[in-house]
Amino acid sequence: MTVLVGFVPTPEGEAAFTAGLAEARRRGEDLLVLNTPRGGAPVSADLAPPELVQQQTTRAQADGVALEVRQTPHSGDLADEVLRVAEEVAASVIVIGIRRRSPVGKLLMGSSAQRILLDADRPVLAVKPQHD
Amino acid sequence: MTSPHHGAHALGSPGGRETAGAGPAGDPAPPPSTDTGMTDAGVTDTGVTDAVHEVEVEAEDRPPAAGTTSNLVIAVVVLAFGVAAFAGSWALGAGTAQRPAAGTFPLLVSGVLVLLGLGLLAGVRRTSDAERFTAGSWQVLAGLATMVVFVALISVIGFEIPAALLAFVWLRVLGHESWRLSIITSLAVVVAFYLLFVAALSVPIPHLF
Amino acid sequence: MDLAPVIDGFGVVLEPTNLLYCLFGVVIGMLIGVLPGLGPAATIAILLPLTIGVEPVTAIIMLAGIFYGAQYGGTITSVLLRLPGEASSVVTVFDGHALARQGKAGTALGIAAIGSFVGGTVSIVALSLVAPLVAGFALDFGPPEYTALALLGILLVSTVSSGDRLKAVIAACVGLLLATVGRDGFTSAERFTFDNLQLADGLDFVPIAMGLFGLGEILYNLEERHRKVQAPAAVANVWPSRTDLRQSSGAIGRGSVIGFVLGILPGGGAVLSSLAAYAVEKRRAKDPSRFGQGAVEGVAAPETANNAAATSSFIPLLTLGIPANATMAVIFGALLIQGVSPGPQLVTQEPELFWGVINSMYIGNILLLIMSIPLVGLFVRILRVRATVLAPITVLITLVGVYTVNNSVFDIGLVIVFGVLGYLMKKLGFDPGPLVLAFVLGSLLEDSLRRSLLIFEGDATGFFTRPISGTLLVVFLVVALLPLVRGALARRRNRSDDRTDTTTPKELV
């Protein structure tokens, strides 16, 4: 069994990684960080730079968790890709970061997070970045 | 008439062989070594050409090479085209060297084409630069279909609806973009085109509105 | 040399409209050069409709701007992403990307911009001196010389093209045949028109170029390829240090000369010269192992050379009327549409156009230097736009653009047909460049061939009695037959290799 984290290099993604790491340690499972950019453009801001991946690896090692970071690009909807990978690795839980949004904002910006929450057939842990 | 003049001039200039040496020196036309230029660079530094090739392959990410059958088909198509052009030129009148006719030049070119097609046929097993058609090739056919629809409809109902349709299909079906992005982008593109071509430049393109 | 027309040329360039179009061309060229997929030839082809209804000088100034803007745009992706935007900046990848990984992307881009500027400027000065001489020399050319020159030009572009040479020559032959479609100029017989009125005036250049280069490329990219996606790179410190400049000054000097000389040759001048300049620097270096690890000379040399070559490749076009590569063929086509036929008489008959175009290159290079550095951030952001969003927009620009040239729906049909042909050619290993070049030169070649035969009264050996056409044809034969001879030798050697069971690499002889 694996803990699956949907990761993007944002505060939300960071919060998801931290929560996912803690979850994996608590459950004694492996951690899979899915950081998949949308394919088609040569550059994507959704992709974690190598230094960040390195940093995550160090943190996982310190916590004694086996970490895999998957960065293959996807086409189509991000939510579908997360759900597909969750199925593939038989994830015990999906960890995602979500944003605080007003009802109007939600109407305009249909969110991947919402689709994952609604469509997943396994537990989903949704976390928010801490505000200080 | 300029040509007889030039002809007379050339025939009158003596010592063709001697002056031939001066020709290429002042002439920008390349020395015969150009052909080997690529490999020369390679010989001086084989590593560079290899590395260049590697980068190109990496950047292009081409699918696997086509099989012998496809290469055979390519060669046969080239050959058939050459033969057809040859026959067509022959029908136009082959002419003679003294009196070139309308068909003379195409006849020469298609003759060369037939020879080259035969060369391609002979080397069918050795070539590896044709790509295999993959599942992705269907996408190309779909993209082509939208363009055919575009050209068929443009004179009937103007460019707006076919253009929006084309953009939408490319975005949503071929590009797997989201519904929202596909609809907004295809509408925005048509509005931008309308403003640019019809309103600003007054191009007489068939339009509905 | 009479300087008055040169100075008048500056007057032409400094007209506000021309300056504006030059700026527009350079920026568009850089933008599209940054996007992988569309090379300079495709970019110019797609934007050809923009030149309709514009003064010829202005049109060419803009197209030339697109051309060298695209050269520099390709450099940006080579350095930042290890993705060469086009063939002539492939070598830049080695040291440019190595520098970027050391956090010195700015140094690499700055050196490339300075090198491009110097190379371009040196090349323009040399061009201004050489071009009138060549044109004067070529004024005496008659039909036999043009026959030989056109044949050699087509063959050289085919042999230096990417991919299989045999296929490239086949493409060239198809181009020559396409050029014969329509009414014959001598006998006014209808050729290959299949009784179609639209074909009676021959095939138009614009749909062919836009279809083969533009649409063909887009269709080819439509097939899903699993291209790598990269995280955005931070570009800091765009100015190279004094040490970097001192270190690369030699490379820039040598690169300018190599680029200028090789750029004149028909064929892949820019590509060839970037390779040669890199190889020269590596050989001259005290410590060649630095190359590939982020040596500034490894960026400076090829970037200087390819820009110098891009400039000098205008010489054969403007002085002989023979385009030296596919991009020049498109510019040649644009000139023909404008009613200007480039050739030796251009300097004397249209000095404003001739010197206007040449002098616009100074301005273009200065604009390139000024714009490139502050705009790098913008270019990096453009790289985030997905091809799936850009493709339909480009397709519509192509389809509507080709219509605007002749206001003809038939032309939209043609551009689609040639788009499919371009896709198939790219897919099956045929380079579309030689086809377009041969198409452009087709009527010149046929015309001069027929005139020559009339002059020689049918005696083809006549070509060899004239010094220039004779020499050119001998070169033609050598270039044409060399691969055959080499192929035969290689085969014989392979056979003996099989017997003795040695594994000698092919490149050794």
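Not measured: the values here are computed from a predicted model. Residue positions are given per chain, counting from 1 as you read along its sequence in written order. Chain letters start at A and ligand numbers start at 1, both assigned in the order the entries are written. Totals for whole chains, interfaces and linings use all residues, but because this is a predicted model, local features are given only for residues with pLDDT of at least 70 and pairs of side-chain atoms are given and counted only at 80 or more. With hydrogens and water set aside, each side-chain value is computed from the structure's full complement of heavy atoms.

So, on to the sheet that holds strand β5 (residues 124-127) of chain A. Residues and elements named next belong to chain A. Any two strands are treated as partners once DSSP identifies two or more bridges connecting them. Comment: elements are numbered from the N terminus, with helices defined as DSSP H or I runs of at least four residues and strands as E runs of at least two. With parallel pairing, the 5 strands of this open sheet are ordered in space as β3-β2-β1-β4-β5. Of all the strands in the sheet, just β3 (67-70) and β5 have a single pairing partner and so form its edges. For this sheet, the mean inter-axis angle between neighbouring strands, taken without regard to orientation, is 20°. Any two residues having at least one pair of non-hydrogen atoms within 4.5 Å are treated as being in contact. Lines fitted to C-alpha atoms define the axes, with helix axes restricted to the stretch in contact, and inter-axis angles between N-to-C directions lie between 0 and 180 degrees. Docked against the sheet, helix α2 (residues 50-62) engages β2 (30-34) and β3, running at close to 160° with respect to β3.

Let us now look at the nonpolar core. One finds M147, F150 and W170 of chain B together with L203, F314, L399 and I412 of chain C to be the most contacted residues of the largest nonpolar core, which totals 200 residues. Once residues lying within four places of it in the same chain are set aside, the contact partners of I412 of chain C are F150, V151 and I154 of chain B together with L399, V402 and Y403 of chain C. By nonpolar core we mean a set of buried residues, namely Ala, Val, Leu, Ile, Met, Phe, Trp, Tyr and Cys, connected to one another through side-chain atoms within 4.5 Å. Each residue is assigned to one of three classes by its accessible area relative to the maximum for its type, calculated with a 1.4 Å probe on protein chains only: buried under 20%, partly exposed between the two thresholds, exposed over 50%. V5, A19, L52 and V93 of chain A belong to the second largest nonpolar core, which has 19 residues in total.

This part takes up the confidence of the model for chain B. Residue and element names in this part refer to chain B. Of the residues in chain B, 72% reach a pLDDT of 70 or more, and the chain-wide mean stands at 74. The pLDDT value tells you how sure the predictor is about a given residue, anywhere from 0 up to 100. Within chain B, no element has a lower average pLDDT than helix α2 (residues 16-20), which sits at 33, and none a higher one than helix α9 (residues 160-174), at 91. Long-range and interchain partners of residues 1-45, a stretch whose pLDDT sits below 50, account for 63 contacts in this model, where long-range means more than four residues apart.

Another point: a nonpolar patch on the surface. All names here are of chain C. A cluster of nonpolar side chains, F464, V474, L477, V478, L481, L484, V485 and L489, forms an exposed patch at the surface whose accessible area comes to about 680 Å². Relative to the helices and strands, V474 is located in helix α21 (residues 467-500). The exposure class of V474 is partly exposed, given its relative accessible area of 44%. Exposure above 30% relative accessible area and the absence of a salt bridge qualify a residue for a patch, where like charges join within 9 Å and nonpolar side chains (Val, Leu, Ile, Met, Phe, Trp, Tyr) within 5 Å. Accessibility throughout is a Shrake-Rupley quantity obtained with a 1.4 Å probe, and a residue counts as covered only by protein chains that appear here. Salt bridge, as used here: a side-chain nitrogen of Lys or Arg that lies within 4 Å of a carboxyl oxygen of Asp or Glu.

In this charge count, Lys and Arg are treated as positive and Asp and Glu as negative; neither His nor the chain ends contribute. Note that the charge is assigned to NZ on lysines, CZ on arginines, CG on aspartates and CD on glutamates. A contiguous patch of negative charge on the surface is contributed by D8, E15, E55 and E352 of chain C. With respect to the helices and strands, the residue E55 of chain C is situated in the loop between α3 (40-46) and α4 (56-81).

With respect to the helices and strands, S273 of chain C occurs in helix α11 (residues 269-284). What S273 of chain C contacts, discounting residues up to four positions off in sequence, is I258, G259, L262, A305, N306 and A309 of chain C.

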